[in-house]
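# Coordinates in review
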Amino acid sequence: MAKNLMIQGTMSNAGKSLFAAGLLRVLYQDGYRVAPFKSQNMALNSFVTEEGLEMGRAQVMQAEACGIRPLSCMNPILLKPNSEMGSQIIINGEVIGNMSAAEYFRHKKEYIPDIMNAYHKLEREYDIIILEGAGSPAEINLKENDIVNMGMAQLVNAPVLLVGDIDRGGVFAQLYGTVMLLEPEERKRIRGFVMNKFRGDRSLLEPGIQMLYDRCRIPTIGVLPFRNFDIEDEDSMAERLLAGRKPDLIDIAVIHLPHISNFTDFNPLQNIENVSLRYVTTTRELGVPDLIILPGTKNTMHDLQWMRDNGLEQKICQLVRDETSMIIGICGGFQMLGREIQDPLSVEQGGSMKGMGLMNLRTSFQEMKVRSRVKGRLFPIKGVFESLSECTFTGYEIHMGRTEALEKTERFSEIVYLDESGEAMDGYVSGNRMGTYVHGIFEDGTLRNHLLQLLFDRKGLIWQGKRQMSYLEYKNSQYDLLADAVRENTDMKAVYHMIGIR
């Protein structure tokens, strides 16, 4: 039977996912078979496994840190918000429908058998499981039916480390207040505190750390410094989505839609010399980029209307039609590029609406969700994107729409489904406009490098970045840096003792 340890936080974005990933990497480096687990995830960044099942990307990132392939049992419940009050519910990789928050709250304890079956699958295969909570265990209005924080820890008898975010201030109040709002039996599970995102001299913290221990008899076993590790973010609270970055020689603007999903698609385009990747929400922030990207979204019609209302749609269409900017739409962003979006089954909001009209396409939403991993090759292309012809890529599809051309339009690529279900054509390209349903296409260096070379060539600039390490090598280097930080700033002897390993 696998040993375990659970990482909980004082709030969302306190650093649970990052610390869990660093801890998993340390244990992996030390020779253990380790796996991540989060019983319930709420995020719009998702992934399709080799089996064609959907899961949250946070556990995908953590699985990578462990050197293992992601499995849907690492995240048995995924909630994908699609309105202000409701979410699409995914259980063990399969969509079971949409629910309001209140409805899901009433039913969620019914999913405990699904959660435990998933956990037991991992328990049989791995030495150690590092569990992650969600939000805060001290959300007293939600504790009654908790299945992701202390409720989950109790189900699998896991000791708990509590992470607080010192960068936002009030970390002692965060940690002490969380403990005091727990039941006595729950407090006993917390074996240590971790303070995350610390800037400055640790010795200045010592008096507070001692007073915290005196009040609740829980030691602080880690103080992690504030460092900018380039590791995938879980949700839309990610700092990389904040506006304010200045355009560089090559400027790429991603539209930060209200229901943006899978923005991790664009991480491979970041941290490249002389290239800026900016997330924008207004026409003023948009400026005049070389490339505009319309990302995926969990509510295409709502987010297109949002762009229409705030003037972004008009500005984008002007830049693209004047051939000042190129545009790429991915998944929901691809659907927006066409002339019309139809929703006869009320998958989103029902009815139909006019698209941006940048491509001669029509999208119709369907009840069946497409989930598949693919590899593809671009067709020979004429015009602006010609240099991308024959580029290869790998990725995955997650969508509930079918897009077809209203008149003759060049196809984008041919794809092969990795579940051996056959071949198909994906996406369209027209002049300086391109659209695809495939997520993750820039992780393969071939397409990414050709696209960057195209952007530099169009401005008469020389790009020196072709020989940089692959994106997978880069991610592994970041996991190693994170593990180093965890080792250096955490009492690992205490961690191993909590897990039950000498």
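Just so you know, the residues in each chain are numbered from 1, in the order the chain's sequence is written. Local features are withheld for residues below a pLDDT of 70 in this predicted model, meaning they are given only at 70 or higher, and side-chain atom pairs are given and counted only at 80 or more; totals for whole chains, interfaces and linings count all residues. Note that the side-chain values use all heavy atoms of the structure and ignore hydrogens as well as water.

## Some thoughts on the pattern of salt bridges
When a carboxyl oxygen of Asp or Glu is within 4 Å of a side-chain nitrogen of Lys or Arg, the pair counts as a salt bridge. Using the criterion set out here, one finds 27 salt bridges in the structure. The partner of R168 in a salt bridge is D165, and the shortest N-O contact between them spans 2.9 Å. For D165, a relative accessible area of 1% puts it in the buried group. When the shortest N-O distance is used, the salt bridge between E185 and K188 registers 3.2 Å. Residue E185 and its partner K188 are located together in helix α7 (residues 184-189), separated by 3 residues, close to a single helical turn. Exposure is judged per residue with a 1.4 Å probe applied to protein chains only, and the accessible area is read against the type maximum: over 50% gives exposed, under 20% gives buried, and values in between give partly exposed. For E185, a relative accessible area of 56% puts it in the exposed group. Only DSSP runs of H or I with at least four residues qualify as helices, and only runs of E with at least two residues qualify as strands; both kinds are numbered from the N terminus onward.

## As for the sheet that holds strand β2 (residues 34-37)
Paired strands, in this sense, are two strands between which DSSP finds at least two bridges. On the basis of which strands lie adjacent, the open sheet formed by 6 strands has the order β2-β9-β1-β10-β11-β12 and parallel pairing. Among the strands making up the open sheet, the edge pair consists of β2 and β12 (220-225). With direction set aside, neighbouring strand axes in the sheet form an average angle of 20°. As paired strands, strand β10 (residues 160-165) and strand β11 (residues 190-198) are joined by 6 bridges and run parallel to one another. Across the sheet, residue D165 finds its bridge partner in β11, namely N196. In what follows, a contact means two residues having at least one pair of non-hydrogen atoms within 4.5 Å. Axis definition: a line fitted to C-alpha atoms, limited for helices to the stretch in contact. Angles are taken between N-to-C directions and run from 0 to 180 degrees. Strand contacts of helix α6 (residues 171-180): β10 and β11, with the helix running at about 145° to β10, the strand carrying the most contacts. Sitting on the sheet, helix α8 (residues 206-216) is in contact with β11 and β12, with an inclination near 155° to β11.

## Regarding the packing of aromatic side chains
Two aromatic rings, drawn from Phe, Tyr or Trp (for Trp, its six-membered ring), form a pair once their centres lie within 6.5 Å of each other, and the interplanar angle then sorts them: stacked below 30 degrees, edge-to-face above 60, tilted otherwise. Within the structure shown, the criterion is met by 9 aromatic pairs. With a centroid separation of 6.0 Å and 20° between ring planes, the pair formed by F456 and W463 is classed as stacked. Its relative accessible area of 8% is what places W463 among the buried residues. The ring of F226 carries R199 above its face, with NZ or CZ at 3.7 Å from the centroid. A ring is considered to have a charge above it if a Lys NZ or an Arg CZ atom is located within 6 Å of its centre and within 35 degrees of its normal.

## Section: empty space enclosed by the protein
With a 1 Å grid laid over protein atoms only, a set of points is called a cavity when a 1.4 Å probe fits there but cannot get out and a pocket when it is open yet has protein on both sides within 12 Å along at least five of seven lines; lining residues have an atom within 4 Å of a point. Grid points are joined across faces, edges and corners, and a volume is the space filled by probe spheres set on the points. Per the counting criterion, the structure on display carries 2 cavities of 30 Å³ or more. In this structure, the largest cavity is lined by M61, D230, I231, E232, Y471, K475, Q478 and Y479. At 4 residues, the largest contribution of residues to the lining of the largest cavity is made by helix α14 (residues 471-489). Charged means Asp, Glu, Lys or Arg here, nonpolar means Ala, Val, Leu, Ile, Met, Phe, Trp, Tyr, Cys or Pro, and polar covers whatever is left, Gly included. Of the residues belonging to the lining of the largest cavity, the class tally is 4 nonpolar, 1 polar and 3 charged. Put simply, the second largest cavity is a space of about 30 Å³.

## Looking at unusual backbone geometry
A positive phi angle, close to 55°, is found at R217, a residue other than glycine. Tracing the chain through its elements places R217 in the loop between α8 and β12. Since its relative accessible area comes to 53%, R217 is described here as exposed. Of note in the backbone geometry, N274 takes a positive phi value of approximately 70° without being a glycine. Structurally, N274 can be placed in the loop between β14 (260-261) and β15 (275-280). Judged by relative accessible area, N274 falls into the partly exposed class, the value being 30%.

## Considering the sheet that holds strand β7 (residues 86-91)
What the 4 strands build is an open sheet, ordered β3-β6-β7-β8; its pairing is mixed. The strands lining the two open edges of the sheet, one partner per strand, are β3 (40-42) and β8 (94-100). Each strand of the sheet is rotated relative to its neighbour by a mean of 25°, with strand direction disregarded. Sheet analysis places β7 next to β8, joined by 6 bridges and oriented antiparallel.

That's the geometry; what it means functionally is another story.
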